Amino acid sequence: MRRLLTSALSVIALAGACTSGDGDPLRVGAIYPLSGTQGPGGVDEYRGVQVAVDLVNEDGGVEGRAVRLVPIDVPSGDAAPAAIDELDAQGVELVLGSYGSTISQPAAIQARSRGMLFWETGAVGEMTSDGGGSSFFRVSPSGAVLGRNAVTFIADRYAPVIGRDPAELRWAVTLVDDAYGRAVAQGALDELERRGYPVAATIAYDPREPEMRGVVRELAAAEPDVLFASAYLEDAIAMRREMVRRAVDVLAGIGTSSSYCMPEFGQRLGEEAVGLFASDKPDSGALGTDGLSAEAVELLERADAAYRERFDASMSAAALAGFTGAWALLHHVLPEADGPTPAAVADAAGRVDLPRGSLPNGSGLRFGAPGTATAGANLLAESVIWQWTEPGEHWVVWPDRYATYEVEAIDPLP
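None of the values given here were measured: they were computed from a predicted structure.

Conventions and cut-offs
Residues numbered from 1 in each chain as written. Predicted model: local features only at pLDDT ≥ 70, side-chain atom pairs only at ≥ 80, totals over all residues. Heavy atoms only, no water. Buried < 20%, exposed > 50% of the residue type's maximum accessible area, 1.4 Å probe, protein only. Helix = DSSP H or I, 4+ residues; strand = E, 2+ residues; numbered from the N terminus. Contact = heavy atoms within 4.5 Å. Expected span 1.5 Å × (residues − 1). Bend = angle between axes of the 7 residues up to and from the residue. Pairing = 2+ DSSP bridges. Right-handed = clockwise from strand over helix to strand, strands pointing away. 1 Å grid on protein atoms, 1.4 Å probe; cavity = no way out; pocket = protein on both sides within 12 Å on 5 of 7 lines; lining within 4 Å. Points joined across faces, edges and corners; volume = space filled by probe spheres on them. Nonpolar A, V, L, I, M, F, W, Y, C, P; charged D, E, K, R; others polar. pLDDT = per-residue confidence, 0-100. Core = buried A, V, L, I, M, F, W, Y, C linked by side-chain atoms within 4.5 Å. Phe/Tyr/Trp six-rings, centres within 6.5 Å; stacked < 30°, edge-to-face > 60°. Axes fitted to C-alpha atoms, helices over the stretch in contact; angles between N-to-C directions. Parallel < 35°, antiparallel > 145°, perpendicular 65-115°, else oblique. Left-handed = near helix turned anticlockwise from the far one by under 90°.

## What about helix 11 (residues 342–351)?
An α-helical turn contains 3.6 residues, so a residue and the one three or four places further along point in the same direction. Burial in helix 11 covers these residues: P342, A344, V345, A346, A348 and A349. In this structure, the buried residues of helix 11 make contact with strand 3 (94–97), strand 4 (117–120), strand 5 (136–138) and helix 10 (317–333).

Below, the structure written as structure tokens:
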């Protein structure tokens, strides 16, 4: 039987970030959407960062210096440059962020122009190639990876379960038309093209005015067997409800981060989410630990216990991504740097090499070198496939080293 993470639940009042130690603290910026449409996921990711700082400080800080977060609420991408400027004015050179892909790109561009280093903990969308591996690093998997893995899972693992030839399935791709949606959808489309699978429809919609009746009308006309959805929480829920209302049946539905993977998605849809899949970073409650090193298992248990004590919940995918990304910087990279300057930290990041399973979300840590196609990207970032198995309940079904549940065929979806 696979080992599952377990920890006792204790409850305390919500508190601010812990900063242990005296003297000159190491100040690190933190820009996340703590309000606005991306607020629920942004708050979770920032909470994970807070817990990582707490544990680093419990262990003595970075080279004896306590870490102190300097947080700024960035509800949308147009607020990112000003947030970077404000941190620069305060003398902060290292910045964690940002959960949102529409925030990450302008933040990274502005950080580079200011001679700062931007460390992305969770966003998966399109990024500028300038500064990768020198002023910008991303610990989480890219959207292209999430999209590609979604197609791979349905074709190689789920199609045999339902007794279908994946080459004969009709695929539809829907996407919110922004940096996040395009990156994830393109990964899926590239993998479908590589395999030569037919795409019945590709439907993009405006993130500012998502109109699901028209999207589902186009879906119904395309008659797909598989739906891949790159969406945010509200439009994903609205799309699913409209599909159920119109009785648009598919053999498989799979979405990605910011929607299908979020606890609220399953809670609000209830039975209507059962059977759907999510391609995303793992959370702490549904992740099997057989693929983790002993040190990573111990850290995951410690982090989840600390998160539960502080926030009265297990770590969501966003929270675990925030914790893992911040821990990678503060525990693995900064102690190897000649100093906390952007250049020294970038040099240390380029030298760190941790195998898969070393970090508590299953990832390793190895960054693409500057000037390459993967500059600044974590080449060993891990992602998983979940399935919603009961109302409000999900488990990891792929890859096997992190699976906690056998994939279940539901044909057609409810």
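## Remarks on helix 4 (residues 143–161)
Over its 19 residues, helix 4 runs 26 Å from end to end, which matches the ideal 27 Å to within 8%, given 1.5 Å per residue. At I154, helix 4 is deflected by roughly 35°, the largest bend along its length. For helix 4, every residue scored as buried is listed here: G143, L146, G147, N149, A150, V151, T152, F153, I154, A155, Y158 and A159. The first or second residue beyond helix 4 is G163, which carries a positive phi of 70°.

## A short note on the pairing of strand 4
Across the two faces of strand 4 the burial is the same, with L117 and W119 and F118 and E120 all buried. Inspection of the sheet shows strand 3 paired to strand 4 by four bridges, in the parallel sense. Across the sheet, the residue bridging to V95 is F118, located in strand 4. For the handedness criterion, the β-α-β arrangement of strand 3, helix 3 (residues 101–113) and strand 4 is classed as right-handed. Across three bridges, the pairing between strand 4 and strand 5 is parallel. Bridging from a neighbouring strand, W119 pairs with F137 of strand 5.

## Considerations on empty space enclosed by the protein
Per the stated rule, a full pass over the model turns up one cavity of 30 Å³ or more. T121, V139, S140, K281, A321, T324, G325, N361 and S363 together form the lining of the largest cavity. Tallied by class, residues from the lining of the largest cavity come to two nonpolar, six polar and one charged.

## Quick notes on the pairing of strand 6 (residues 171–176)
With six of six residues buried, strand 6 lies mostly within the body of the structure. Alignment of strand 6 against strand 7 (residues 199–205), held across six bridges, turns out to be parallel. Opposite L175, over in strand 7, you have A204 as the bridge partner. Where the polypeptide runs from strand 6 across helix 5 (residues 179–195) and back to strand 7, its parallel neighbour, the crossover connection is right-handed.

## Side note on the confidence of the model for the chain
Summary statistics for the chain give a mean pLDDT of 91 and a share of 93% for residues scoring 70 or more. Here residues 1–21 is a poorly scored stretch, pLDDT under 50, and it has 54 contacts once near neighbours within four places are set aside; other chains count.

## Observations concerning the nonpolar core
W119 and F265 are the most contacted members of the largest nonpolar core, which totals 120 residues. Looking at this core, the element that brings in the most residues is helix 10, giving 11 residues. Excluding its chain neighbours within four sequence positions, the residues that come into contact with W119 are V95, L96, G97, F137, V139, G325, A328, L329, V333, A349 and F367. Ranked by size, the runner-up nonpolar core spans 17 residues in total, among them L87, I103, A107 and F136.

## Focus on the packing of aromatic side chains
Within this structure, the stated rule accounts for 15 aromatic pairs. Aromatic side chains F153 and W398 sit 6.2 Å apart centroid to centroid with 55° between the ring planes, which places their arrangement in the tilted category. A residue pair is termed long-range when its members are at least 10 positions apart, and F153 in helix 4 and W398 in strand 12 (residues 393–398) qualify at 245 residues. On the numbers, 6.3 Å between centres and 45° between planes, the contact of F265 with W388 is tilted. Placement of F265 in helix 8 (residues 263–269) and of W388 in strand 11 (residues 384–390) is noted, with a sequence separation of 123 residues between them. On the basis of relative accessible area, W388 is assigned to the buried category, the value being 1%. Among the aromatic residues, those joined into a cluster by ring pairs are F153, Y158, F277 and W398.

## Observations concerning the packing of helix 4 against helix 5
Contact geometry of helix 4 with helix 5 gives a least axis separation of 6 Å together with a crossing angle of 45°. Considering their axes alone, helix 4 and helix 5 lie oblique with respect to each other. Regarding helix 4 and helix 5, the two cross each other, and that crossing is right-handed. Each of G143, A144, G147, R148, V151, T152, A155 and D156 in helix 4 lies in contact with helix 5, whose residues at this interface are A183, V184, G187, A188, E191, L192 and R195. Among the residues making up the contact of helix 4 with helix 5, the classes are represented as seven nonpolar, four polar and four charged.

## Topic: the sheet that holds strand 9 (residues 252–256)
The strand order across the open sheet formed by seven strands is 7-6-8-9-10-11-12, and the pairing between neighbours is mixed. Each having just a single partner strand, strand 7 and strand 12 make up the two edges of the open sheet. Ignoring strand direction, the axes of neighbouring strands in this sheet form an average angle of 20°. Of the strand pairs in this sheet, strand 8 (residues 226–230) and strand 9 are connected by four bridges, and their pairing is parallel.

## What to know about the packing of helix 9 (residues 294–311) against helix 10
With their axes 12 Å apart at the nearest point, helix 9 and helix 10 run at an angle of 120° to one another. It follows from the interaxial angle that helix 9 and helix 10 lie oblique. For the pair helix 9 and helix 10, the crossing hand works out as right-handed. Listed contacts from helix 10 to L299, L300, R302, A303 and Y307 of helix 9 are A319, L320, F323 and W327. Taken together, the residues of the contact of helix 9 with helix 10 break down into eight nonpolar, no polar and one charged.

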